[in-house]
Structure formats: C-alpha cells, structure tokens
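This is what each chain is made of:
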Amino acid sequence: MKNILHIISSPRAEVSASRKLGNAVIQKIQEKYSDTIVKERDLTKSKVPLLEEVHINTFFTPAENHSEEQQSISKYSEGLITELKEADIIVIDSPMYNFSVPATLRAYFDFTSRAGYTFKYDENGPKGLLNDKKLYVAFTSGNIYSEGPYQIYDSNIPYIKNIFGFYGVSDISVFRAEGLSIPGIMETSLERAIENIAID
Ligand SMILES: Cc1cc2nc3c(=O)[nH]c(=O)nc-3n(C[C@H](O)[C@H](O)[C@H](O)COP(=O)(O)O)c2cc1C
C-alpha cells in the first residue's frame, strides 16, 4: 500500500498544465503500484494563510506555553505536516508564476517548515525529519529554464529541492513541461513531458 499526497498549487482547474502533468504522474505511479490511496491537498481550495506575527510567535513558542489561539494555529500546521509524514510518495504540481512558485505553495511551506516537526537541530546542525519518501515535482513554465539563456532563472526546482532536502527528502524526480508560451514548442511540450514520465 502506497499513500500518495498530491499537492496542487495552480488556481486554474481544467486548463491547468501543472495539474495535468501531476495527474499523469499519479496515474503512472498507480500503474506501478496496484494498491494506492491518493490524498489531495489543493492549496487553491483550502488556502494556507500568509505568515503573520501570531503564526511566527506560535511556531517559536513551546507548545506548553501556547495560548488558545496559538494552539489552534499549531494544530492546523501540524495537520498539514501529518499529511506529509503519512505519505510514502508526494507529488507537487508547481507552475512557475512570476519567477517563483505560486504564493499558495510558498504559504504552505511557511506552515510546514517547523523545527521539531519537519526538521530539528542537533550537534551536527539541521536534520530533516521526513525520511524515506519519494517526491515527484510536476513543473510547468511558459519559458524554458532547464537549459539555454534563461537557466539562471530556474528558481522553482532548486527551491523545492532545498525545502524538501531540509525536511530530509532527497529522493526527488522532476518532470518538466516547459516552453508553454513558445510557439513551436507549446503545442507538444505537455504531451511530451507526460510521455516521458518514468516512475522509479
Ligand atoms: C500569473 C502567471 C505568471 C506567470 N509567470 C511566468 C514566469 O515568470 N515565467 C514563465 O516561464 N512562465 C510564467 N507563466 C506561465 C506559466 O508558468 C505556464 O503557463 C504554466 O503552465 C502555468 O501552469 P498552470 O496551467 O498549471 O497554472 C505565468 C503564468 C501565469 C498565469
């Protein structure tokens, strides 16, 4: 049995390229493992709040000293983290929006990056607490960032790898449908990316 967590960040529904790519990744995972449970964390439906002072204070205050409001904030954040911990396989749909991940995904990371939950510090420095997981990233973009003159702007993939690396997840595969705004490439990019999905 494989628990799959599908994290969706594009606000577009039917036309979303990253959702199509992410769904295709999940379909391929299901072809490989007959017994799967897929849980969706659609960040565009249940929105994670933008980080405010009260959230930061909560995350840096020991649980035994939490006010009622902080208890409820912490519980919400722990719920998101529990979903991550319960997953054997995580699939993140990440389109590039204005040279970054969508703000919904950034907000999600602000609520899941917590000392004592997704990482801890010991005598050797930071240590990730989400081990033994596989992460697949379904990345889509208008331009091309994996090679060529815009490679220096390839921000999403290194960022997501850094975050999950910090959480202790190092087994990461990336599928890219790029050039979705470039005539001559846009017509086939998604289709080719879907065809090339290989589940290891
Ligand atoms: C608000 C917005 C911002 C975008 N910013 C960029 C960008 O900075 N670089 C880029 O290459 N493409 C950009 N694009 C194009 C998207 O990355 C591309 O269309 C992607 O497939 C969108 O994924 P989605 O269909 O799942 O939302 C942007 C698209 C939107 C809607």
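Residues numbered from 1 in each chain as written. Predicted model: local features only at pLDDT ≥ 70, side-chain atom pairs only at ≥ 80, totals over all residues. Heavy atoms only, no water.

On to the pairing of strand 7 (residues 171–177). Direction of pairing for strand 6 (residues 134–140) relative to strand 7: parallel, over a ladder of 7 bridges. Bridged to A138 within strand 7 is F175. Chirality of the crossover, the property in question, places the unit of strand 6, helix 5 (residues 156–166) and strand 7 among those that are right-handed. (Pairing = 2+ DSSP bridges. Helix = DSSP H or I, 4+ residues; strand = E, 2+ residues; numbered from the N terminus. Right-handed = clockwise from strand over helix to strand, strands pointing away.)

The next subject is the UniProt feature "domain: Flavodoxin-like fold" (unreviewed entry) in the chain. In the UniProt entry, the feature "domain: Flavodoxin-like fold" (unreviewed entry) is given for residues 2–196. The span residues 2–196 is 36% helical and 22% strand by assignment, and the distance between its end C-alpha atoms comes to 22 Å. (UniProt positions renumbered as here; feature names shortened; annotations may be inferred.)

Right, let's get into the site of the ligand. In the vicinity of the ligand, 16 residues are found, and the nearest of them are S10, S16, S18, M96 and Y97. A distance of 2.8 Å is found between an oxygen atom of the ligand and a backbone nitrogen or oxygen belonging to A17. Within the backbone of N143, a nitrogen or oxygen atom sits 2.8 Å from an oxygen atom of the ligand. Here the shell around the ligand is built from residues that sort into 7 nonpolar, 8 polar and 1 charged. (Near = heavy atom within 4 Å. Polar contact = N/O pair within 3.5 Å; in protein donor to acceptor, adjacent residues only side chain to side chain. Nonpolar A, V, L, I, M, F, W, Y, C, P; charged D, E, K, R; others polar.)

Generally speaking, nonpolar side chains in soluble globular proteins are found buried as a group. Counting 30 residues, the largest nonpolar core has Y108 and F164 as the members making the most contacts within it. When residues of this core are traced back to their parent elements, those giving at least two are strand 1 (2–8), helix 3 (68–86), strand 3 (89–95), helix 4 (103–112), strand 6 and helix 5. Looking at which element gives the most residues to this core, the answer is helix 4, with 5 residues. Ranked by size, the runner-up nonpolar core spans 17 residues in total, among them L21, I26, A138 and F175. (Core = buried A, V, L, I, M, F, W, Y, C linked by side-chain atoms within 4.5 Å. Buried < 20%, exposed > 50% of the residue type's maximum accessible area, 1.4 Å probe, protein only.)

With that settled, the discussion passes to the pairing of strand 1. For a regular strand, side-chain orientation follows a simple rule: the groups alternate between the two sheet faces. The buried fraction of strand 1 amounts to 5 of the 7 residues, a majority that puts the element mostly inside the structure. Of the pairings in the sheet, the one linking strand 1 to strand 2 (residues 36–42) comprises 7 bridges and is parallel in character. When the sheet's bridge partners are listed, N3 is paired in strand 2 with I37. In this fold, strand 1 hands off to helix 1 (residues 17–32), which returns the chain to strand 2; that crossover is right-handed. Note that strand 1 and strand 3 share 4 bridges and pair parallel. Bridging from a neighbouring strand, L5 pairs with I90 of strand 3.

Even without being a glycine, N98 presents a positive backbone phi close to 50°. Positive phi, close to 60°, is recorded for F99, a residue that is not glycine. Along the chain, F99 turns up in the loop between strand 3 and helix 4.

The computed volume of the largest pocket comes to approximately 230 Å³. Lining the largest pocket are 13 residues; nearest its centre among them are R176, A177, E178, R192 and A193. Per element, the largest residue contribution to the lining of the largest pocket is 4 residues, and it comes from strand 7. Taken together, the residues that form the lining of the largest pocket break down as 7 nonpolar, 3 polar and 3 charged. (1 Å grid on protein atoms, 1.4 Å probe; cavity = no way out; pocket = protein on both sides within 12 Å on 5 of 7 lines; lining within 4 Å. Points joined across faces, edges and corners; volume = space filled by probe spheres on them.)

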